[in-house]
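Each chain, written out:
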Amino acid sequence: MILISACLIGVNCNYNGQNNALPSLDKIPKNIVPICPEQLGGLPTPRPPAEIILGDGKDVLEGNAKVITIKGDDVTENFIFGAEQVLKIAQVCKAKEAILKANSPSCGKGLIYDGSFKGKLKKGDGVTTALLEQNGIKVLTEKDLFPHQCF
Ligand code: SF4
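This text gives an overview of the structure that appears in the document. The shown structure was predicted, so the numbers you read here are calculated from the model rather than taken from an experiment. (Residues numbered from 1 in each chain as written. Predicted model: local features only at pLDDT ≥ 70, side-chain atom pairs only at ≥ 80, totals over all residues. Heavy atoms only, no water.)

### What about the overall build of the chain?
A tally of helices and strands in the chain yields five helices and eight strands. The N-to-C order of helical and strand elements in the chain reads β-β-α-β-α-β-α-β-β-β-α-β-α. Its C-alpha atoms give the chain a radius of gyration of 14 Å, within 12% of the compact-globule value 15 Å for 151 residues. Within the chain, buried positions represent 46% of all 151 residues. Put simply, of all contacts in the chain between residues at least 6 apart along the chain, 62% involve residues at least 24 apart. Carbon together with sulfur atoms contributes 53% to the accessible area of the chain, which is approximately 7600 Å² in total. (Helix = DSSP H or I, 4+ residues; strand = E, 2+ residues; numbered from the N terminus. Rg over C-alpha atoms; globule rule 2.2 N^0.38 Å. Buried < 20%, exposed > 50% of the residue type's maximum accessible area, 1.4 Å probe, protein only. Contact = heavy atoms within 4.5 Å. Areas by Shrake-Rupley, 256 points an atom, 1.4 Å probe, with all protein chains shown as cover.)

Here it is as structure tokens:
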């Protein structure tokens, strides 16, 4: 089984109540399990956007960085709890791979929004990505599946 960010297959779980549906589901395997760590972490939809301040997902898991909404609320615990629920699902499903949404503070891999809420990126992984990779689950993003597509 392969985990996939639910927003990538058209589920309206984004912070703004929308989705990030891929241009085509042809490249998506059939054995997918859709997950949304922010919803699993107890956050509502829609919800204020949140970004990781002064660090990345690994730092958040180690207690050295926080996830803060654009309104200034601390949602770090929600992000960690959601990541833990995703890991639980992965382990029950014996998933060894995940296709997650690029740049997200939960799902991003390699690059995430930098905490300024200005659409700028910094190096690092989202909280769920960091936890999955620490547990041996390989994370790709939609950019790996559609390298020539602009998202
Ligand atoms: S990027 Fe991840 S956390 Fe954000 S809406 Fe998509 S699945 Fe949920």
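### Looking at the sheet that holds strand 2 (residues 32-35)
One open sheet accounts for four strands, arranged 2-1-5-8; its pairing is parallel. Whereas interior strands pair on both sides, the edge strands pair on one side only; in this sheet they are strand 2 and strand 8 (138-141). Neighbour-to-neighbour, the strand axes of the sheet open up by a mean angle of 25 degrees, direction not taken into account. One ladder, built from four bridges, connects strand 5 (residues 97-100) with strand 8; its direction is parallel. (Pairing = 2+ DSSP bridges. Axes fitted to C-alpha atoms, helices over the stretch in contact; angles between N-to-C directions.)

### Quick word on the site of the ligand
Neighbouring residues of the ligand: 14 residues in total, closest Cys 7, Asn 14, Cys 36, Glu 38 and Cys 107. By residue class, the composition of the shell around the ligand is seven nonpolar, four polar and three charged. (Near = heavy atom within 4 Å. Nonpolar A, V, L, I, M, F, W, Y, C, P; charged D, E, K, R; others polar.)

### A short note on the pattern of salt bridges
Any two side chains of opposite charge can pair, so long as their charged atoms come close to each other. In the structure shown here, the tally under the stated rule is five salt bridges. The partner of Glu 62 in a salt bridge is Lys 58, with the nearest N and O atoms 3.3 Å apart. You can call Lys 58 partly exposed: its relative accessible area is 43%. Across the salt bridge formed by Lys 101 and Glu 142, the nearest N and O atoms sit 2.9 Å from each other. With Lys 101 in the loop between strand 5 and strand 6 (111-113) and Glu 142 in helix 5 (residues 142-145), the pair connects residues that are 41 residues apart, well separated along the chain. (Salt bridge = Lys/Arg side-chain N within 4 Å of Asp/Glu carboxyl O.)

### Looking at helix 3 (residues 76-93)
Compared with an ideal rise of 1.5 Å per residue, which puts 18 residues at 26 Å, helix 3 spans 26 Å between its outermost C-alpha atoms and is within 8% of the ideal. Thr 76, Phe 79, Gly 82, Ala 83, Gln 85, Val 86, Leu 87 and Ala 90 are the residues of helix 3 that are buried. Positive phi appears at Lys 94, one or two residues downstream of helix 3, with a value of about 55 degrees. (Expected span 1.5 Å × (residues − 1).)

### Remarks on helix 4 (residues 127-134)
Across the eight residues of helix 4, six count as buried, placing the element largely inside the fold. Within helix 4 the residues assigned to the buried category are Val 127, Thr 128, Thr 129, Ala 130, Leu 131 and Leu 132. One or two steps after helix 4, the chain reaches Gly 136, where phi turns positive at roughly 80 degrees.

### Describing the nonpolar core
Formed by 25 residues in total, the largest nonpolar core has its most connected members in Leu 3, Val 67 and Leu 132. For this core, the element with the highest residue contribution is helix 3, accounting for five residues. For Val 67, the residues in contact, after removing those within four places along its chain, are Ala 50, Glu 51, Ile 52, Val 60, Asp 73, Asp 74, Val 75, Thr 76, Phe 79 and Val 127. Counting residues in each nonpolar core, the second largest holds eight residues, with Ile 2, Leu 8, Ile 28 and Phe 146 among its members. (Core = buried A, V, L, I, M, F, W, Y, C linked by side-chain atoms within 4.5 Å.)

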